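# Understanding the architecture of this molecule
The chain contents come next:
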Amino acid sequence: MSVKIYHNPRCSKSRQTLELLQARGIKPEVIEYLKTPPSVAELNDILEKLGMEPRELMRKKEAEYKTAGLDDESLDRQALISGMVDNPILIERPIVIANGKAAIGRPPENVLDIL
């Protein structure tokens, strides 16, 4: 089974989710998304798998949310996705992709449903 985790090693939930996967013998592809952000196409795919709209996946309390003008309610889907690609700190974490599905590891046990 191919498993990917969009991971931020500084985030405790992200570390816990990675540990949970590894404890189950899963060796996921670890993508440190702050260093290697997903492309617009990848983010579109992730959102589709999560069944979410861009704003639902955004960390709105981060300073970059307002600084980048992403708090503007008139922005369309593509503008919001581009904003997340340009400011990956705004992407909620961790995201695990497995079996054609995605889950956010908040709490980490959420990812067990897609394995």
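Let me sum up the structure you'll find in this document. Everything numeric here is computed off the predicted structure, so don't read it as measured data.

Before going further, it helps to examine helix 2 (residues 40-50). Residues Leu43, Ile46, Leu47 and Leu50 constitute the buried set of helix 2. The buried residues of helix 2 occupy an angular sector of 100° when projected down its axis, which confines them to one face. Structural note: helix 2 exposes Ala41 and Glu48 on the side pointing more than 90 degrees away from its buried face. Phi for Gly51, located one or two positions after helix 2, is positive at around 70°.

This part is about the sheet that holds strand 3 (residues 95-98). As summarised here, the arrangement of the four strands in space is 2-1-3-4, forming an open sheet in which the pairing is mixed. The open sheet terminates on both sides in strands that have one partner only, identified here as strand 2 (29-32) and strand 4 (101-104). Put simply, the sheet's adjacent strands are angled 20° from each other on average, direction ignored. In terms of strand pairing, strand 3 meets strand 4 through four bridges, oriented antiparallel.

With that settled, the discussion passes to the side chain of Asn8. Here Asn8 is to be found in the loop between strand 1 (3-7) and helix 1 (12-23). Within the local environment of Asn8, its side chain forms a polar contact with the backbone nitrogen of Arg10, the two atoms lying 2.9 Å apart. Each residue touching Asn8, except ones within four places of it in the same chain, is listed here: Ser14, Tyr33, Leu34 and Arg93.

What follows deals with the pattern of salt bridges. Under the counting rule described, the total for this entry stands at seven salt bridges. Here Glu73 ties to Arg55 by a salt bridge, and the two come within 4.0 Å at their closest N and O atoms. One end of the pair, Glu73, is in the loop between helix 3 (63-67) and helix 4 (77-86); the other, Arg55, is in the loop between helix 2 and helix 3, with 18 residues separating them in the sequence. For the salt bridge of Arg59 with Glu92, the shortest nitrogen-to-oxygen distance reads 2.9 Å. Of this pair, Arg59 sits in the loop between helix 2 and helix 3 while Glu92 sits in the loop between helix 4 and strand 3, and the two are 33 residues apart along the sequence. Like Glu92, Arg59 is buried. A cluster of three or more residues bridged by salt bridges with shared partners is formed by Arg59, Glu62, Glu92 and Arg106.

Here we come to the packing of helix 2 against helix 4. Following both chains from N to C, one finds helix 2 and helix 4 inclined at 110°, their axes separated by 10 Å at the closest point. Here helix 4 runs roughly perpendicular to helix 2, going by the angle between their axes. The handedness of the crossing between helix 2 and helix 4 comes out as right-handed. Here Val40, Leu43, Asn44 and Leu47 of helix 2 lie close against helix 4, whose contacting residues are Arg77, Gln78, Ile81, Ser82, Met84 and Val85. For the contact of helix 2 with helix 4, the residue count by class is six nonpolar, three polar and one charged.

Turning our attention to the nonpolar core. Counting 22 residues, the largest nonpolar core has Leu43, Ile46, Leu57 and Ile95 as the members making the most contacts within it. Counting eleven residues, the second-largest nonpolar core is a separate cluster that includes Ile5, Leu18, Ala103 and Ile114.

Reading the values: rules and limits
- Residues numbered from 1 in each chain as written.
- Predicted model: local features only at pLDDT ≥ 70, side-chain atom pairs only at ≥ 80, totals over all residues.
- Heavy atoms only, no water.
- Buried < 20%, exposed > 50% of the residue type's maximum accessible area, 1.4 Å probe, protein only.
- Helix = DSSP H or I, 4+ residues; strand = E, 2+ residues; numbered from the N terminus.
- Arc of directions from axis to C-beta.
- Pairing = 2+ DSSP bridges.
- Axes fitted to C-alpha atoms, helices over the stretch in contact; angles between N-to-C directions.
- Polar contact = N/O pair within 3.5 Å; in protein donor to acceptor, adjacent residues only side chain to side chain.
- Contact = heavy atoms within 4.5 Å.
- Salt bridge = Lys/Arg side-chain N within 4 Å of Asp/Glu carboxyl O.
- Parallel < 35°, antiparallel > 145°, perpendicular 65-115°, else oblique.
- Left-handed = near helix turned anticlockwise from the far one by under 90°.
- Nonpolar A, V, L, I, M, F, W, Y, C, P; charged D, E, K, R; others polar.
- Core = buried A, V, L, I, M, F, W, Y, C linked by side-chain atoms within 4.5 Å.

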